[in-house]
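Architecture at a glance
What follows is the residue order along each chain.
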Amino acid sequence: MSSGDSNPAAAPTPCEDVQGDGRWMSMHHRFVSDSKGKEPEVLFVGDSLVQLLHEFEVWRKLFSPLHTLNFGIGGDATQHVLWRLTNGELDHINPKVVVLWVGTNNHGHAPEQICGGIMAIVNVINQRLPQAHVLVLGVLPRGKSPNPLRERNARVNELVQAELEALSFASFLDVDPGFVHSDGSISHQDLYDYLHLTPQAYQKVCQPLHQRVKALLEAHAP
Amino acid sequence: MSHEDTNPAAMPEPVEDVQGDARWMSQHNRFVQECKDAEPDVLFVGDSMVQLMQQQEVWKELFSPLHALNFGIAGDTTCNVLWRLQNGELQNIRPKVVVVWVGTNNHQHTAEQVAGGVMEIVQLLMNQIPHTKIILLGLLPRGERQNPLREKNAEVNRLLRASASRLSPVQFLDLSSDFTHSDGAVSSRDMFDYLHLTAAGYRKVARPLHELLLQILEETPEEKQTTLA
């Protein structure tokens, strides 16, 4: 496994404010301050697939009732999530389940590096929240037709699933309900831009996810 | 005002597939295909502000019934929209109204250049679809607090308002003031990442936009347009 210093995907890195409106840092600060007032049982953390989930009805129906916080930021790669979690976002909360969904934005990184980044996050969560179960979601396929990123994401999932088997406090969940059709295509009815989920696709993804989270919460009860 | 040949924001340009999954071209090709089958009365074109609207309830409620097509692609600049419109996305369709919402992603360009790029899109639409009406949406404020991009977007809006007032088919609709509080802050209840709209944020835009669309659609072609933005 790559050490943190030689794997860029596992080196905590804040997002640089290239555009000039400081939005990434604003969101990070909001998450830190949210975490001071609330006592979530469940925390979702990751990229836009996490962040956008909060904007649809399915969040209100399935996850709000479980007392869930959403710390997703669009565009985040593993090193950005790692920075956020080591800079305040976990300091004031004690959720029983942390759902981690990240990896698709790690452009330029090899599957082994991305896996290293995900495992670094899993370990950081375990260090700070030793009571929490970390549920890692598989990275979804992307692009309308077969392409190298699909292969990369599938390989990341294989590697991560294997590493998580050794851990008692973490597990892997493949939430892809079969977005890739037999002809290799992905429909815009599921991924409207061949990356992000439509509300109907979120419904399909969240069914098994919700079941699993509930089961983990029940298992956690004293 | 910049001449079209020297304004980089007015030069058509496709998005390069840097990531490796060709999503931009796939979306463009899908829109070109949609033009072959559909007969939209309303066409929405622009960036993620347009694209994400289609995933909200408000699209089904207010805009689908108007036979609207959504050709938004996240990340697009005026250059990208220009390229798409010149490369098939206007083929075979004659919408009565085109809603244009783009400019916030033109990071390499000045406010003057961005406004010039938007007006280049307007010119193209007026040439390609004579008699079509155009609604230009003002760029919304971005960022949690005051920052240079807010000033830039506001300057683009000032320039667009002035240009639109000179063209009778064009109306300018600026909803910026609905999104900043008295202290200048943008709420995450309206913009979950201080740029993109929540469902509540979209409702603030959709209501006045829908009203304006109904107004325009109800006017017959022979009636003189007298309402001003």
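Residues numbered from 1 in each chain as written. Chains lettered and ligands numbered in written order. Predicted model: local features only at pLDDT ≥ 70, side-chain atom pairs only at ≥ 80, totals over all residues. Heavy atoms only, no water.

In this section: the interface of chain A and chain B. Frequently, the measure chosen for interface size is the accessible area removed from exposure when the parts meet. Facing 25 residues of chain A, the contacting portion of chain B comprises 25 residues. At the boundary of chain A with chain B, total buried surface from both sides reaches about 2,300 Å², with 52% on carbon and sulfur atoms. Taken as a group, A:Arg23, A:Glu55 and A:Tyr192 account for 26% of the area that chain A buries against chain B, more than any other trio of residues on that side. Where chain A meets chain B, there are four salt bridges. As a salt-bridge pair, B:Asp193 and A:Arg23 come within 3.5 Å of each other at their nearest N and O atoms. Summed over the shared surface of chain A and chain B, the result is 11 residue pairs in polar contact (both at pLDDT 80 or more). Looking at the side of chain A that touches chain B, the elements with two or more residues in it are helix H1 (23-37), helix H2 (48-53) and helix H6 (148-164) of chain A. Residues of the side of chain A that touches chain B, tallied by class, amount to nine nonpolar, nine polar and seven charged. (Contact = heavy atoms within 4.5 Å. Buried area = accessible area lost by both parts, 1.4 Å probe. Salt bridge = Lys/Arg side-chain N within 4 Å of Asp/Glu carboxyl O. Polar contact = N/O pair within 3.5 Å; in protein donor to acceptor, adjacent residues only side chain to side chain. Helix = DSSP H or I, 4+ residues; strand = E, 2+ residues; numbered from the N terminus. Nonpolar A, V, L, I, M, F, W, Y, C, P; charged D, E, K, R; others polar.)

Let us now look at the sheet that holds strand E2 (residues 68-72) of chain A. Residues and elements named next belong to chain A. The strand order across the open sheet built from five strands is E2-E1-E3-E4-E5, with neighbouring strands paired in parallel fashion. Since the sheet does not close on itself, it has two edges, and those belong to E2 and strand E5 (170-173), each with one partner. Mean inter-strand twist for the sheet, computed between neighbouring axes without regard to direction, equals 20°. Pairing between strand E4 (residues 133-137) and E5: four bridges, direction parallel. Bridge pairing in E5 places Leu-137 opposite Leu-173. Sheet strands in contact with H6 are E4 and E5, and its direction is about 150° off that of E5. (Pairing = 2+ DSSP bridges. Axes fitted to C-alpha atoms, helices over the stretch in contact; angles between N-to-C directions.)

This part takes up the layout of surface pockets. By volume, the second largest pocket amounts to about 1,400 Å³. Taken together, 50 residues form the lining of the second largest pocket, with A:Glu55, A:Phe56, A:Glu57, B:Gln56 and B:Ala199 sitting closest to its centre. Looking at the lining of the second largest pocket, the elements that each hand over two or more residues are H1, helix H3 (57-63), E2 and helix H7 (199-220) of chain A together with helix H1 (23-37), helix H3 (57-63), strand E2 (68-72) and helix H7 (199-218) of chain B. Tallied by class, the residues present in the lining of the second largest pocket amount to 16 nonpolar, 21 polar and 13 charged. (1 Å grid on protein atoms, 1.4 Å probe; cavity = no way out; pocket = protein on both sides within 12 Å on 5 of 7 lines; lining within 4 Å. Points joined across faces, edges and corners; volume = space filled by probe spheres on them.)

The topology assignment puts B:Thr198 in the loop between strand E5 (170-173) and H7. With relative accessibility at 6%, the residue B:Thr198 sits in the buried group. In contact with B:Thr198, other than residues within four places in its own chain, are A:Glu55, B:Ser188, B:Arg189, B:Asp190, B:Met191 and B:Phe192. (Buried < 20%, exposed > 50% of the residue type's maximum accessible area, 1.4 Å probe, protein only.)

Here we take up the nonpolar core. Side chains of nonpolar character tend, in soluble globular proteins, to be buried together. Residue and element names in this part refer to chain B. Counting residues in hydrophobic clusters, the biggest one holds 104 residues, and the most contacted among them are Phe-44 and Phe-63. Dropping the residues within four chain positions of it, Phe-63 is found in contact with Phe-44, Met-53, Val-58, Ala-68, Ala-206, Leu-209, His-210 and Leu-213. Phe-31, Cys-35, Ile-73 and Met-119 belong to the second-largest nonpolar core, a separate cluster that totals 35 residues. (Core = buried A, V, L, I, M, F, W, Y, C linked by side-chain atoms within 4.5 Å.)

Overall, the coordinates contain 23 salt bridges over all chains when judged by the stated rule. Residues A:Asp21 and A:Arg23 are paired through a salt bridge, measuring 3.3 Å at the closest nitrogen-oxygen approach. Classification of A:Arg23 by relative accessible area gives buried; the value is 13%. By sharing partners, the salt bridges in this structure join A:Asp21, A:Arg23, B:Arg142 and B:Asp193 into a single network.

Our focus in this paragraph is the packing of helix H4 (residues 78-85) of chain A against helix H5 (residues 111-128) of chain A. Residue and element names in this part refer to chain A. The interhelical angle for the contact between H4 and H5, taken along N-to-C directions, is 15°, at an axis separation of 9 Å. The orientation of H4 relative to H5 falls into the category roughly parallel. Every pair of crossing elements has a handedness; the one defined by H4 and H5 is left-handed. Within the contact between the two elements, H4 uses Thr-78, Val-81, Leu-82 and Leu-85 and H5 uses Ile-114, Gly-117, Ile-118, Ala-120, Ile-121, Val-124, Ile-125 and Arg-128. For the contact of H4 with H5, the residue count by class is nine nonpolar, two polar and one charged. (Parallel < 35°, antiparallel > 145°, perpendicular 65-115°, else oblique. Left-handed = near helix turned anticlockwise from the far one by under 90°.)

On to the pairing of strand E1 (residues 42-46) of chain A, then. All names here are of chain A. Extensive coverage of E1 is indicated by the burial of five of its five residues. Where burial is concerned, the two faces of E1 agree: the one with Val-42, Phe-44 and Gly-46 and the one with Leu-43 and Val-45 are both buried. When E1 meets E2, the two strands line up parallel, connected through five bridges. In the sheet register, Gly-46 faces E2, and the bridge partner there is Gly-72. The pairing of E1 with strand E3 (residues 97-101) spans five bridges and is parallel. Bridge pairing in E3 links Leu-43 to Val-98.

Everything listed here is a matter of geometry and, on its own, says nothing about what the molecule does.
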